[in-house]
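The chain contents come next:
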Amino acid sequence: MHVATDSRAGPRDDRPICFSCFGPGDWARCLDNYAWHPAAGLEPPSALHEGAWHVGAASGQAATGLLRGLTTGDRAVAHGLDALVLIDPAPDALSSTRHLLDLPTLLIGTDPDGRLRGSLAPHFRRQRWVPQADGAPFDMLLRAVLTMPRPVDAAIDPGFRSLMDGDHISARTRSILLDRARGHAAQATVSLNPPMLAVLRAVLDRVLPQADVLPHGGIDLGRLIDERLSTPGDGWRFAELPPDADAYAAALRTLDRAARERAALPFILLDRAGQDDLLRRADAGTLTVTPAEGDATLSAAQMRLWCLDLRADAAQAFVSHPAVMARLGIDSALNGGDAPMQGFEELRAGHHAPWEPPAPAALPGHVA
Amino acid sequence: MTAVRDRRPEDRADVVVVGTGAGGAPLLAELAAAGLHVVALEAGPVFRPDTFTPDEATAAELYWRDERLSAGENPQAFGGNNSGTGVGGSMLHYGAFMPRMDARDFHLFNETGQGCDWPFGAAELEPWVVQVEETIGVSGPATYPWDPERRYAYAPAARNAPAEIMVRAASAIGLTCTDAPAAVITQTREQPHYGRRLGCVGCGACHQGCRNDAKSGPVNTWLPLARAAGADIRSGCMVNGLERDGTGRISAVLYREQGVDRRLPCRAVVLSAGAVETPRLLLHTGLANGSGQVGRNYMTHVATQVWGSFDEEIRPNRGYPSAIISEDMMRPADADFAGGYLIQSLGMMPATWANLVARSRGLWGESLVRALRRYNFSAGVGINGEGLPSESNRVELSCEADASGMPKPRIFHNNGPNERAMHDHAARLLTRLWAAAGAHDIWVAERAAHMIGTCRMGTDPRNAVVDPFGRSFDIDNLWICDHSVFPSAAAANPALTIMALSLRTARALRLTL
Ligand SMILES: Cc1cc2nc3c(=O)[nH]c(=O)nc-3n(C[C@H](O)[C@H](O)[C@H](O)COP(=O)(O)OP(=O)(O)OC[C@H]3O[C@@H](n4cnc5c(N)ncnc54)[C@H](O)[C@@H]3O)c2cc1C
Ligand code: SF4
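Residues numbered from 1 in each chain as written. Chains lettered and ligands numbered in written order. Predicted model: local features only at pLDDT ≥ 70, side-chain atom pairs only at ≥ 80, totals over all residues. Heavy atoms only, no water.

(A) Summary view of the site of ligand 2. Residue and element names in this part refer to chain B. Around ligand 2, the structure places Val 184, Cys 200, Val 201, Gly 202, Cys 203, Gly 204, Ala 205, Cys 206, Cys 210 and Lys 215. If you map ligand 2 onto the pockets, it falls in the second largest cavity. Of the residues in the shell around ligand 2, the class split is seven nonpolar, two polar and one charged. (Near = heavy atom within 4 Å. 1 Å grid on protein atoms, 1.4 Å probe; cavity = no way out; pocket = protein on both sides within 12 Å on 5 of 7 lines; lining within 4 Å. Sits in = over half its atoms within 2 Å of the grid points. Nonpolar A, V, L, I, M, F, W, Y, C, P; charged D, E, K, R; others polar.)

In structure tokens form, the structure reads like this:
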């Protein structure tokens with residue numbers, strides 16, 4: 001066990017950083033390769049006091065072993081860790097799992113083909129990638145990772161939130177909306193694997209960009225759709241497509257493969273124009289990829305149908321989220337309490353009852 | 001393989017009714033009242049009205065969830081438009097728009113040389129129609145412009161913003177319209193054997209289930225009557241087979257209840273599983289298909305909608321969604337198609353509307369979001385129009401089985417020239433209407449609604465599955481009573497006609513036992 005204190009600590013996170021190194025080679029590499037020298041601040045193990053950040057570090061094989069320990073529930077491995085630093089981990093170290101790790105993680109390694117960022121990184125809820133750590137930025141970077149907040153959905157506007165506690169909504173509807181807004185601290189994705197969920201999120205950012213409605217951070221449509229895919233669904237599918245969950249996996253794989261074939265990068269690392277270009281082709285029914293053994297992809301015609309499903313799923317999930325309802329002033333869920341069920345008395349255009357949430361002004365002109 | 005077990009050794013029925021929706025429920029009440037021992041087997045669960053939720057994602061629990069495969073050039077996006085499941089069938093989430101079928105629609109072939117005639121006319125069905133309206137409770141205007149003799153027991157549902165807009169715009173372009181007939185009661189009613197039903201409060205969530213019992217359906221009308229007369233209604237029972245005796249008649253119904261295969265001996269069976277599940281069961285069992293018509297002539301209604309944005313808040317989720325009707329287009333003078341269509345004003349719940357926007361407008365990115373932001377300023381108007389039977393439209397079995405052990409149905413749907421012409425006509429008219437209303441950003445959604453046909457009734461066993469009373473030509477104790485017996489789609493929304501046919505079939509069936 002090695003302990004380091006950081007002499008250039010900022011005011012908020014000036015706690016010392018204490019590394020636990022997994023695998024004998026790792027520490028040596030840290031010492032050799034990094035200008036910022038943990039050894040400089042070595043303290044005796046007794047300094048493993050309450051206030052320190054405990055960071056697990058590993059590289060290569062040892063990183064894979066550490067991740068396996070973390071995902072197979074080996075509590076002892078993760079015990080007390082606040083963050084991970086993984087140096088040159090195998091990009092496919094978690095590829096057979098759906099695990100989402102909560103520990104803030106700094107991924108270090110050159111990544112010419114984007115496999116580290118495209119395959120491994122999506123398994124971490126909070127992560128940063130750097131090609132190599134050198135100099136002061138490493139320290140700051142590590143502290144930034146350590147203090148990364150957990151991603152949360154946009155908050156529900158307080159006025160709307162208090163209507164949800166009022167008597168114009170049924171108890172069941174209230175709890176459905178609260179559950180939806182709360183999201184899940186799930187340890188795994190439900191239907192898609194994390195790299196494909198990352199592709200889905202990137203696609204959704206382009207298909208349904210939320211900033212105009214939720215300027216201070218959006219909702220996780222990808223997670224909502226991933227969860228939907230594991231439910232019985234709505235009783236139909238295009239005969240030309242496989243069942244919804246398989247169709248999504250294959251469609252996202254098709255987009256990712258298309259990105260790699262055309263730009264030698266995973267879809268999530270393409271710039272917006274590149275992503276839009278692929279989506280436009282998919283929507284037009286002209287996106288083709290070379291089929292590969294084992295990994296199902298969709299044909300151009302299937303991608304066109306899937307784009308319809310995707311848009312429909314995204315749009316529905318969006319307007320069904322209470323944070324969005326609040327912003328748009330949609331009160332369909334507030335249509336009456338358990339007893340009495342009030343319904344709506346004010347039905348006239350241009351009017352709403354005093355209790356109803358305000359609607360932001362209409363947008364002029366044509367949308368397209 | 002699980003062993004097939006009788007539920008109880010003495011378990012048997014005079015009549016087993018498969019499904020408890022518009023087709024099954026009225027007949028169940030009639031047969032029970034006639035003293036027959038009737039058992040209903042319903043695949044879906046029991047829903048309590050007070051647990052319905054306007055949250056659309058959750059209300060999907062009311063839809064038929066076993067996967068259907070949508071095929072053809074115009075594959076139907078079922079979802080919220082799909083048939084329902086549960087005690088009460090599709091009427092748990094139906095829209096309760098309740099026009100009567102136009103007398104001309106019974107004889108469309110005779111009139112135009114297209115489509116298919118019914119084996120009887122409007123006069124034959126009218127007494128049953130009136131009985132249905134009285135039993136369930138229907139509201140409508142004091143005077144119905146297209147049938148001034150007609151009376152409704154309840155004052156119409158309150159007009160919401162889309163309704164007011166339609167009234168205003170219709171008068172501007174010279175279209176007659178009035179308050180819609182709706183199976184929605186507008187004041188408190190004591191329903192026999194059920195209890196108190198409250199009047200409509202305009203909550204707008206008819207398609208998610210009415211918590212107030214203002215919406216009339218099997219659950220608060222026919223099924224309590226049936227139970228009071230001794231009918232046994234079993235939920236969670238999925239019928240997947242029919243057993244025959246040495247003479248070829250049905251001797252028992254086979255079903256799966258919580259994973260256990262059961263058998264219920266009976267003297268007669270009525271299939272009321274809807275126009276997809278009824279032919280699916282018959283195709284799976286290979287029965288009653290001497291005509292080769294089972295699964296054929298699948299029809300839908302042309303259900304074009306036009307939406308637009310307004311400067312004022314509309315809040316289309318408020319109020320009974322379809323409060324205004326026009327029957328002026330039942331036979332438009334300038335029609336280049338056979339048959340006609342009804343027009344209705346449209347409010348809509350947000351996710352249903354978002355789905356429509358996403359599937360119809362071809363938008364994505366910022367423009368999709370701009371479109372969605374207009375929800376509260378949007379109002380719609382839509383049609384329900386005749387769809388013709390066609391060779392290319394059918395229900396057939398796929399190669400994939402589901403939990404019932406039966407193959408999933410594949411449904412072919414193509415719009416023919418008549419449907420396209422009607423859609424174009426309606427799109428033009430409604431766009432003009434909405435322009436007159438002052439809407440901007442007007443858009444058209446090409447849609448189809450309802451699942452119709454697939455076991456048509458007729459007088460000729462060579463081209464019909466059942467006779468004019470719903471009795472199979474091939475197996476004399478097998479009856480069909482649901483949307484699948486319709487020879488033609490007719491423009492009117494179907495539930496009233498299905499229920500009237502159900503009472504009529506019940507009478508005929510009773511006489512055979
Ligand atoms: C969204 C929507 C809105 C509608 N709005 C209107 C409207 O406003 N006005 C109108 O007139 N009509 C409307 N309709 C149409 C109307 O509800 C249907 O046409 C009508 O309910 C069909 O009756 P049915 O008896 O054929 O089938 P259903 O009512 O669908 O009943 C069939 C029942 O059989 C059960 N079942 C199926 N297979 C099996 C099996 N193998 N074993 C046991 N049980 C089985 C199902 O679970 C279901 O409960 C609407 C329909 C939908 C879907
Ligand atoms: S609008 Fe009226 S009929 Fe429809 S669900 Fe609400 S209360 Fe019931």
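From this point on, the discussion continues.
(B) How the structure looks around the confidence of the model for chain B. Residue-level pLDDT values for chain B average 96, and 98% of them are 70 or greater. Interface confidence for the predicted complex, given as ipTM, is 0.95, next to a pTM of 0.94. (pLDDT = per-residue confidence, 0-100.)

(C) Fine view of the domain arrangement of chain A. Residues and elements named next belong to chain A. Segmenting chain A into domains produces domain 1 (17–146) and domain 2 (182–320). Summing the contributions of domain 1 and of domain 2, the shared interface buries around 1200 Å²; its carbon and sulfur component is 55%. At the surface where domain 1 touches domain 2, the tally comes to four residue pairs in polar contact (both at pLDDT 80 or more). The residue inventory of the side of domain 1 that touches domain 2, partitioned by class, reads two nonpolar, six polar and five charged. (Domains from an automatic or database assignment. Buried area = accessible area lost by both parts, 1.4 Å probe. Polar contact = N/O pair within 3.5 Å; in protein donor to acceptor, adjacent residues only side chain to side chain.)

(D) A look at the environment of B:Ala169. Residues and elements named next belong to chain B. On the secondary structure map, Ala 169 appears in helix H5 (residues 161–173). In this structure Ala 169 comes out as buried when scored by relative accessible area, which is 1%. Note: C-alpha distance between Ala 169 and Gly 319 (150 residues apart in sequence) is 19 Å. (Helix = DSSP H or I, 4+ residues; strand = E, 2+ residues; numbered from the N terminus. Buried < 20%, exposed > 50% of the residue type's maximum accessible area, 1.4 Å probe, protein only.)

(E) View of the packing of helix H4 (residues 122–136) of chain B against helix H11 (residues 495–510) of chain B. Residues and elements named next belong to chain B. The contact between H4 and H11 brings their axes to 8 Å, and the two run at 110°. Considered as vectors, H4 and H11 are oriented roughly perpendicular to each other. Counted together, Glu 124, Leu 125, Trp 128, Val 129, Gln 131, Val 132, Glu 133 and Ile 136 of H4 and Leu 496, Thr 497, Met 499, Ala 500, Leu 501, Leu 503, Arg 504 and Arg 507 of H11 form the full contact between these two elements. Here the residues of the contact of H4 with H11 are counted per class, giving 10 nonpolar, two polar and four charged. (Axes fitted to C-alpha atoms, helices over the stretch in contact; angles between N-to-C directions. Parallel < 35°, antiparallel > 145°, perpendicular 65-115°, else oblique. Contact = heavy atoms within 4.5 Å.)

(F) Just the pairing of strand E5 (residues 105–108) of chain A, in detail. Residues and elements named next belong to chain A. Where burial is concerned, the two faces of E5 agree: the one with Thr 105 and Leu 107 and the one with Leu 106 and Ile 108 are both buried. Here E5 runs beside strand E6 (residues 127–130); their pairing, made up of four bridges, is parallel. The partner of Leu 106 across the bridge, within E6, is Arg 128. Running through helix H4 (residues 115–120), the crossover from E5 to the neighbouring parallel element E6 is right-handed. (Pairing = 2+ DSSP bridges. Right-handed = clockwise from strand over helix to strand, strands pointing away.)

(G) Structural detail: the site of ligand 1. Residue and element names in this part refer to chain B. Around ligand 1, 40 residues are found, and the nearest of them are Gly 23, Glu 42, Thr 85, Ser 90 and Ala 495. In the model, a nitrogen atom of ligand 1 is placed 2.8 Å from a nitrogen or oxygen of the Gly 95 main chain. For ligand 1, an oxygen atom lies 3.3 Å from a polar atom in the backbone of Pro 494. Where the shell around ligand 1 is concerned, the elements lending two or more residues are strand E9 (237–244), helix H7 (274–285) and H11.

(H) Broad picture of the sheet that holds strand E17 (residues 394–401) of chain B. Read across the sheet, four strands follow the order E7(A)-E4(B)-E18(B)-E17(B) without closing on themselves; strand pairing throughout is mixed. Only two strands of the sheet have a single neighbouring strand rather than two, namely strand E7 (236–238) of chain A together with E17 of chain B. Within this sheet the neighbouring strands show an average axis-to-axis angle of 30°, counted without direction. Alignment of strand E4 (residues 68–71) of chain B against strand E18 (residues 407–412) of chain B, held across three bridges, turns out to be parallel. Bridge pairing in E18(B) places B:Ser70 opposite B:Ile411.

(I) Just the pattern of salt bridges, in detail. All names here are of chain A. The tally for this structure, following the rule as stated, stands at 52 salt bridges over all chains. Asp 179 serves as the salt-bridge partner of Arg 182, at 2.8 Å between the closest nitrogen and oxygen. Separated by three residues within a single helix, Arg 182 and Asp 179 lie in helix H7 (residues 171–182), roughly one turn from each other. Under the relative-accessibility criterion, Arg 182 is labelled exposed at 58%. (Salt bridge = Lys/Arg side-chain N within 4 Å of Asp/Glu carboxyl O.)

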